[in-house]
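Inside the fold
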Amino acid sequence: MVFGGVVPYVPQYRDIRRTQNAEGFSTYVCLVLLVANILRILFWFGRRFESPLLWQSIIMIITMLLMLKLCTEVRVSNDLNIKRRSFSAADSKDEEIKAPPKRSYLDFDLNYFWHWSKFTDYVQCVLTFTGVTGYITYLWLDSSLFVETLGFLAVFTEAMLGVPQLYRNYQNRSTEGMSVKMVLMWTSGDTFKTVYFILNQAPLQFSICGLLQVFVDMAILLQVYLYSSYPQKPTSHTTHPASTKAL
């Protein structure tokens, strides 16, 4: 239960490291899982749930940070002309890539958000989000409505992780570049997780969103079956066969 959630990302990590190509993996997957698991940990302070679920969130956060670090290093090394983008103000002593002399303290331009040039920028963003949400949670920890809403947002965010993949398949009328084995791993893992929630009487949010996640996985498998009778459209970019629930 603790390590099952990160298992699908192990072959993805090894594949990116081996090929030095992160084109087929969207770092927005890391963003969604980081947000979901940080919120889940904060929810634990308001309503204590099973310890394995808490440790699962901690392990997932560590895994997503490792994925971000690898993807950032690979992307920068493959594109030497990449323009320096940062979460916080650029350092005037930056020797790697010269940044413009004047920048705002925080770069919230949607065109560059979560497309930064250094792993430390992602860490700063995660710490900022954790600090802000942690402080808000501390102030409203006595409110049962807030705590229950926080728990719902945590598991609902994770449950929606497969929706971008579902939508992309629908747009392309194709599942080319997506590994069916990986989807089967998601389905089996999400099914086991949902049964675990129900049997151990986890908070209702966990069970409802777990069922929703299984439904999304089944919908993707249904797309595989339906689109198998249609000619596969060529993709405009390289995708890893082990690509996870990418945007």
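Just so it is clear, the structure is predicted and the values come from calculations on it, not from any experiment. (Residues numbered from 1 in each chain as written. Predicted model: local features only at pLDDT ≥ 70, side-chain atom pairs only at ≥ 80, totals over all residues. Heavy atoms only, no water.)

1. Structural notes on the overall build of the protein chain
Counting secondary structure elements, the protein chain contains eight helices and zero strands. Counting from the amino terminus, helix and strand elements in the protein chain follow one another as α-α-α-α-α-α-α-α. Per-residue burial for the protein chain yields a buried fraction of 43% across its 247 residues. Sequence separation of 24 or more characterises 79% of the internal contacts of the protein chain that already satisfy a separation of 6 or more. As displayed, the protein chain offers around 13800 Å² of accessible surface, 64% of which is attributable to carbon and sulfur atoms. (Helix = DSSP H or I, 4+ residues; strand = E, 2+ residues; numbered from the N terminus. Buried < 20%, exposed > 50% of the residue type's maximum accessible area, 1.4 Å probe, protein only. Contact = heavy atoms within 4.5 Å. Areas by Shrake-Rupley, 256 points an atom, 1.4 Å probe, with all protein chains shown as cover.)

2. A few points about the packing of helix α1 (residues 9-19) against helix α3 (residues 51-78)
It is the contact of α1 with α3, at a shortest axis distance of 10 Å, that shows an interaxial angle of 20°. Comparing their axes, α3 and α1 come out roughly parallel. Read as a crossing pair, α1 and α3 show a hand that is left-handed. Of the residues in α3, those in contact with Y9, Q12, Y13, I16 and R17 of α1 are M60, T63, M64, L66, M67, L70, C71 and V74. (Axes fitted to C-alpha atoms, helices over the stretch in contact; angles between N-to-C directions. Parallel < 35°, antiparallel > 145°, perpendicular 65-115°, else oblique. Left-handed = near helix turned anticlockwise from the far one by under 90°.)

3. Here we look at the packing of aromatic side chains
Under the counting rule described, the total for this entry stands at 12 aromatic pairs. Here the aromatic rings of W44 and F45 are separated by 5.3 Å at their centres, their planes lie at 80°, and the arrangement is edge-to-face. Classification of W44 as buried rests on a relative accessible area of 17%. A ring pair is formed by W114 and W116, whose centres lie 5.7 Å apart and whose planes are at 65°; its orientation type is edge-to-face. The same class applies to W114 as to W116, namely buried. Joined through ring pairs, the aromatic side chains of F43, F49, F197 and F206 make up one cluster. The lysine or arginine in question, R48, covers the ring of W44, its NZ or CZ lying 4.0 Å from the ring centre. (Phe/Tyr/Trp six-rings, centres within 6.5 Å; stacked < 30°, edge-to-face > 60°. Lys NZ or Arg CZ within 6 Å of the ring centre and 35° of its normal.)

4. Describing helix α5 (residues 144-159)
Helix length check: α5 (16 residues) gives 22 Å between terminal C-alpha atoms against 22 Å at 1.5 Å per residue, within 8%. Taken together, the buried positions of α5 are V147, L150, G151, A154, V155, E158 and A159. (Expected span 1.5 Å × (residues − 1).)

5. Examining the UniProt feature "transmembrane region" (unreviewed entry) in the protein chain
Following the UniProt record, the feature "transmembrane region" (unreviewed entry) maps to residues 25-47, 53-71, 122-141, 147-167 and 205-227 here. In residues 205-227, helix accounts for 100% and strand for 0%; the two terminal C-alpha atoms are 33 Å from one another. (UniProt positions renumbered as here; feature names shortened; annotations may be inferred.)

6. Looking at α1
Among all positions in α1, only Y9, Q12, D15 and I16 are buried. Here the buried residues of α1 occupy an arc of 120° about the axis, which is enough to place them on one side. Within α1, the exposed residues directed more than 90 degrees away from the buried face are R14, R17 and R18. For α1, the secondary structure elements touched by its buried residues are α2 (28-46) and α3. (Arc of directions from axis to C-beta.)

7. A closer look at the pattern of salt bridges
Scanning the model with the defined rule gives six salt bridges in all. Here E158 and K193 are joined by a salt bridge, their closest N and O atoms 3.4 Å apart. Highlighted residues: E158 in helix α5 and K193 in helix α7 (residues 180-199), separated in sequence by 35 residues. Of the two residues, E158 and K193, neither departs from the other in class, the shared state being buried. For D190, the salt bridge goes to K193, with nearest N and O atoms at 3.6 Å. Of this pair, D190 and K193 both sit in helix α7, three residues apart, roughly one helical turn. Accessibility expressed as a relative area gives 8% for K193, which makes it buried. (Salt bridge = Lys/Arg side-chain N within 4 Å of Asp/Glu carboxyl O.)

8. Here we look at the side chain of Q223
Counting through the fold element by element, Q223 comes out in helix α8 (residues 204-227). When its relative accessible area of 7% is taken as the criterion, Q223 is described as buried. Other than its neighbours up to four places away in sequence, Q223 contacts L166, N169, Y170 and T175.

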